[in-house]
Amino acid sequence: MMIEFKNVTKTYGSKKAVDNVDIKIDTGSFVCFIGTSGSGKTTTMRMINRMIDPSRGTILIDGEDIQKTNEVALRRKIGYVIQQIGLMPHMSIYENIVMVPKLLKWDETTMREKAETLMKRVDLPMELLDAYPSELSGGMQQRVGVIRALAADQDIILMDEPFGALDPITRDALQRLVKQLQRDMNKTIIFVTHDMDEALALSDKIVVMDHGKVVQQGSPKDILTNPANDFVRSLVGEDRLHQATFEYNSVEQLMIKPIKVNASVSIAETVRHMQQTRVDDILVVDDENVLIGRVDIRALMRRNNREDAVQTIMKQVTYIHNTTTIRDAIYYIQELGHRNISVVDSDGKLVGIVTRAAVVGAVYDAFWKDYEPHEDLEVIDDELSDKASSAVAQNGGAA
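Here is what the cut-offs are and how they apply
Residues numbered from 1 in each chain as written. Predicted model: local features only at pLDDT ≥ 70, side-chain atom pairs only at ≥ 80, totals over all residues. Heavy atoms only, no water. Pairing = 2+ DSSP bridges. Helix = DSSP H or I, 4+ residues; strand = E, 2+ residues; numbered from the N terminus. Core = buried A, V, L, I, M, F, W, Y, C linked by side-chain atoms within 4.5 Å. Buried < 20%, exposed > 50% of the residue type's maximum accessible area, 1.4 Å probe, protein only. Contact = heavy atoms within 4.5 Å. Axes fitted to C-alpha atoms, helices over the stretch in contact; angles between N-to-C directions. Phe/Tyr/Trp six-rings, centres within 6.5 Å; stacked < 30°, edge-to-face > 60°. Lys NZ or Arg CZ within 6 Å of the ring centre and 35° of its normal. Parallel < 35°, antiparallel > 145°, perpendicular 65-115°, else oblique. Arc of directions from axis to C-beta.

Chemist: Can you walk me through the sheet that holds strand β4 (residues 56-61) in this structure?
Modeler: Hydrogen bonding along the main chain pairs the strands of a sheet, whether they run parallel or antiparallel. Spatially, the four strands line up as an open sheet ordered β2-β1-β4-β5, and their pairing is antiparallel. On the outer flanks of this sheet lie β2 (15-25) and β5 (64-65), each paired with one strand and no other. Of the pairings in the sheet, the one linking strand β1 (residues 3-12) to β2 comprises seven bridges and is antiparallel in character. The residue of β2 that forms the bridge with Val8 is Val21.

Chemist: Mind showing me how you'd approach the nonpolar core here?
Modeler: Generally speaking, soluble globular proteins have nonpolar side chains that are buried together. Core analysis: the largest hydrophobic core is formed by 49 residues, its most contacted members being Ile97, Met159, Phe191 and Val208. Setting aside anything within four residues of it in sequence, one finds Met159 in contact with Met45, Val81, Val146, Val178, Ile189, Ile190, Phe191 and Val192. In this structure, Val8, Phe33, Val192 and Met209 belong to the second largest nonpolar core, which totals 24 residues.

Chemist: What is the right way to read the sheet that holds strand β15 (residues 340-344) from this model?
Modeler: Read across the sheet, three strands follow the order β14-β15-β16 without closing on themselves; strand pairing throughout is mixed. Every other strand in the sheet has two partners, leaving β14 (319-321) and β16 (350-355) as the edge strands with one partner each. Ignoring strand direction, the axes of neighbouring strands in this sheet form an average angle of 35 degrees. The pairing of β14 with β15 spans three bridges and is parallel. Directly across from Tyr319, in β15, lies its bridge partner Ser342.

Chemist: In this structure, what is going on with the packing of aromatic side chains? I would like to understand it.
Modeler: What describes a pair of aromatic rings is the distance from one ring centre to the other and the angle between the planes of the rings. Enumeration according to the criterion identifies two aromatic pairs in this entry. Ring plane angle 40 degrees and centroid distance 5.7 Å describe the contact between Phe30 and Phe191, whose orientation is recorded as tilted. Of the two residues, Phe30 sits in strand β3 (residues 30-34) while Phe191 sits in strand β8 (residues 188-193), which places them 161 residues apart along the sequence. One exposure class covers both Phe30 and Phe191, and it is buried. For the ring pair Tyr331 and Tyr332, a centre distance of 5.9 Å and an interplane angle of 75 degrees mean the geometry is edge-to-face. Judged by its relative accessible area of 45%, Tyr331 falls in the partly exposed class. On the basis of relative accessible area, Tyr332 is assigned to the partly exposed category, the value being 27%. The ring of Tyr12 carries the charged tip of Lys10 above its face, separated from the ring centre by 5.1 Å. Seen from the ring of Tyr94, Arg112 lies directly overhead, with NZ or CZ sitting 4.6 Å from the centre.

Chemist: Quick question: what am I supposed to make of the environment of Asp130 here?
Modeler: With respect to the helices and strands, Asp130 occurs in the loop between α5 (108-121) and α6 (138-150). Along the chain, Asp130 and Ile93 lie 37 residues apart, while their C-alpha atoms are 6.2 Å from each other. Setting aside residues up to four positions removed in sequence, Asp130 forms contacts with Ser92 and Arg112.

Chemist: Explain the packing of helix α11 (residues 238-248) against helix α13 (residues 326-335) here, please?
Modeler: Two numbers describe a pair of packed helices, the interaxial angle and the distance between the axes. Relative orientation of the contacting elements α11 and α13 amounts to 75 degrees, with a least axis distance of 4 Å. With respect to their mutual orientation, α11 and α13 come out roughly perpendicular. Residues Gln243, Thr245, Phe246 and Glu247 of α11 form the contact with α13, whose participating residues are Ile326, Arg327 and Ile330.

Chemist: What is the right way to read helix α12 (residues 267-277) from this model?
Modeler: A turn of α-helix holds 3.6 residues, and therefore any two residues three or four places apart point the same way. Listed in full, the buried residues belonging to α12 are Ile267, Ala268, Thr270 and Met274. Viewed along the axis of α12, the buried residues span an arc of 160 degrees, placing them on a single side of the element. Buried residues in α12 make contact with β11 (260-262), β12 (281-285) and β13 (291-296).

Chemist: Explain the pairing of β4 here, please?
Modeler: The side chains of a regular strand alternate, residue by residue, between the two faces of the sheet. The sheet contact formed by β1 and β4 spans five bridges and is antiparallel. Note that in β4 the partner of Lys6 across the bridge is Thr58. Note: β4 against β5, two bridges, orientation antiparallel. Bridge pairing in β5 places Ile61 opposite Glu64.

Below you can see the structure in the form of structure tokens.
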């Protein structure tokens, strides 16, 4: 169900808790509202089920103004999970799960089947249906809270910092569970959090709020690679921003023009080209510029007919695609020991190469650009440079 905020404002006296918000939430998406305390994220979410009504503006669900919908009927169509779980202590787990279906007058058989199905989905034993909340651990109670929100098959689920009070291991397990349930059941989830790692892990879209305003909204990639202002940068954190350079940016940013020859070119011509370009390894392409092999200096050390086509002595070549991330390119070059690696497009055509020097440069720019070396370090560097120059001179200029 599409949810849309149009110029929504909520005021309390002279204070604007939510200020002129415009948001679109697509059907079946996982959207996280994030911001510091008092940013308006929880108020914004609670306006979706009319726990709070806007002072101005319109909220639409599937094109229908929710102010024209009975608020009780609306809430029965929207699941809700809060941080304190909210299980009724005097009710059994089964009674807690089927609260809304019972209000909707489902028959007992259907409710029981639904409760058992959901218990299986979250790996809780059937015998717990007859237990009471106090008999369950915090993590188990939270799982029940999640499936209770799903029990009436509502298409929209609101989750208000549901995992904030849990230990890291339980929280991580529940995050994975909720994301899997959302995908499997095609639910639209609006999730309030103050934890950027949680938002990045769960969401299809992140809405960043500050002082009641939406300062940026977009995919995790959008937020990480193009933060709108200093507030978003501080919320994301410099370490995550640096890591995003390698997680999301492709090797196209590092590529240089490759040295190549056509497969039909003779070995003699290939040697001349390698000599002129001062390379010891050259790439071989066909008439369509599709990468088919390489020739290195060792292949030229054997006796070959100089007029034979270079493809007769070429070897297999390792390559990556132009959509490969910089992080993966580092793996190929550093862990697998390649000095450089070829880059091809989706048709296998050669578009560039990535060198070890380019990778080092990317790491430097991301993590060390603002680093100022200590004066003593500069002296040491100068001494090492002088020693290296002296050694080269003693070896007749060969480094």
